[in-house]
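# Structural description and commentary
Spelled out, the chains give:
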Amino acid sequence: MGRPILTLFILLSLVGIASGKAYEAKRKAGDYEIEVKIDKNPPVAIGNNHIEIEIRDIRGNVVTDANVLINYYMPPMPRMAPMNYKTDAKWKGKKYRATMRFIMAGPWVIAIKITRDGKTVSTRLNVDTQ
Ligand SMILES: [Cu+2]
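The structure contained in this document is the topic of the report that follows. (Residues numbered from 1 in each chain as written. Predicted model: local features only at pLDDT ≥ 70, side-chain atom pairs only at ≥ 80, totals over all residues.)

## Focus on the overall build of the protein chain
Counting secondary structure elements, the protein chain contains one helix and eight strands. The order of α-helices and β-strands along the protein chain, N terminus first, is α-β-β-β-β-β-β-β-β. Every one of the 130 residues in the protein chain was classed for burial, and the buried ones make up 18%. When contacts within the protein chain are restricted to residue pairs at least 6 apart in sequence, those whose partners lie at least 24 apart make up 49%. (Helix = DSSP H or I, 4+ residues; strand = E, 2+ residues; numbered from the N terminus. Buried ≥ 20, exposed ≤ 12 C-beta atoms within 10 Å, placed from the backbone. Contact = placed C-beta atoms within 7 Å.)

## Things to note about the pairing of strand S7 (residues 106–116)
Where strand S4 (residues 67–73) lies against S7, seven bridges are found, and the strand directions are antiparallel. Each residue of the ladder has a partner; that of Asn 67, found in S7, is Thr 115. As paired elements, S7 and strand S8 (residues 119–129) share eleven bridges and run antiparallel to each other. Directly across from Thr 115, in S8, lies its bridge partner Thr 120. Connecting the antiparallel pair S7 and S8 is a turn made up of two residues, with Asp 117 showing a positive phi of about 50 degrees. (Pairing = 2+ DSSP bridges.)

## Concerning the sheet that holds S8
Read from one edge to the other, the open sheet built from eight strands follows the order S1-S2-S3-S6-S5-S4-S7-S8, with strand pairing classed as antiparallel. For this open sheet the edge positions go to strand S1 (23–29) and S8, each flanked by a neighbour on one side alone. The average undirected angle you get between the axes of adjacent strands in this sheet is 25 degrees. (Axes fitted to C-alpha atoms, helices over the stretch in contact; angles between N-to-C directions.)

## Some thoughts on the pairing of strand S6 (residues 95–100)
Alternating residues of S6 divide into Tyr 96, Ala 98 and Met 100, all buried, and Lys 95, Arg 97 and Thr 99, none buried. By the bridge criterion, five bridges tie strand S3 (residues 49–56) to S6 in an arrangement that is antiparallel. Bridging across to S6, Ile 51 finds its partner in Ala 98. Both strand S5 (residues 84–92) and S6 contribute to a ladder of three bridges, which runs antiparallel. Bridging from a neighbouring strand, Lys 92 pairs with Lys 95 of S6. Between S5 and S6, which follow one another and run antiparallel, lie two residues, and Gly 93 among them has a positive phi close to 60 degrees.

## Regarding the nonpolar core
Within the largest apolar cluster, 20 residues are counted, with the highest numbers of intra-cluster contacts made by Ile 51, Ile 53, Val 68, Ile 70, Ala 89 and Ile 112. Mapped onto this core, the elements with two or more residues apiece are strand S2 (32–38), S3, S4, S6 and S7. Considering each element in turn, this core owes the most residues, four residues, to S7. The contacts of Ile 53, once residues within four sequence positions are left out, are Ile 34, Val 36, Val 68, Ala 89, Lys 95, Tyr 96 and Ile 112. (Core = buried A, V, L, I, M, F, W, Y, C linked by C-beta atoms within 7 Å.)

## Notes on the environment of Asn 126
Counting through the fold element by element, Asn 126 comes out in strand S8. Along the chain, Asn 126 and Ile 110 lie 16 residues apart, while their C-alpha atoms are 6.3 Å from each other.

## Structural notes on unusual backbone geometry
Most peptide bonds are trans, and most residues other than glycine sit at a negative phi. Across the junction of Asn 41 and Pro 42, the peptide omega takes the value 0 degrees, indicating a cis bond. You will see that Lys 94, though not glycine, has its phi angle at about 75 degrees, which is positive. Note that Lys 94 resides in the loop between S5 and S6. Phi is positive for Ile 103, which is not a glycine, with a value near 60 degrees. Residue placement: Ile 103 occurs in the loop between S6 and S7. Under the C-beta neighbour-count criterion, Ile 103 is labelled partly exposed, with 13 such atoms within 10 Å.

What follows is the structure, given as structure tokens:
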């Protein structure tokens, strides 16, 4: 009896540590509640950042049939080429998922555009990549 409980305790501790490291944010986009997680906190300039997005409708039901576009960019800076990327977040394992590569440390905007039933709403996050 002792060992399974200890194992469970260790597993729960690991999950706690892992989720504590993720970047998390909540936003509203139109009538939707959006929950965003990025596996790196702060997001990294070099390497992959995995973003997960959960969308709930006004009744609290998880939305499974939206088109989710992520547009991430650095605000325009003098003497710097525009850095502006788009990627579709794909429905997988109960969330919309995508990978972002920021390529440069500094301020980035992550705009999330949700299209459903012919209507598009959006929200944005500001992050500082390192
Ligand atoms: Cu820049």
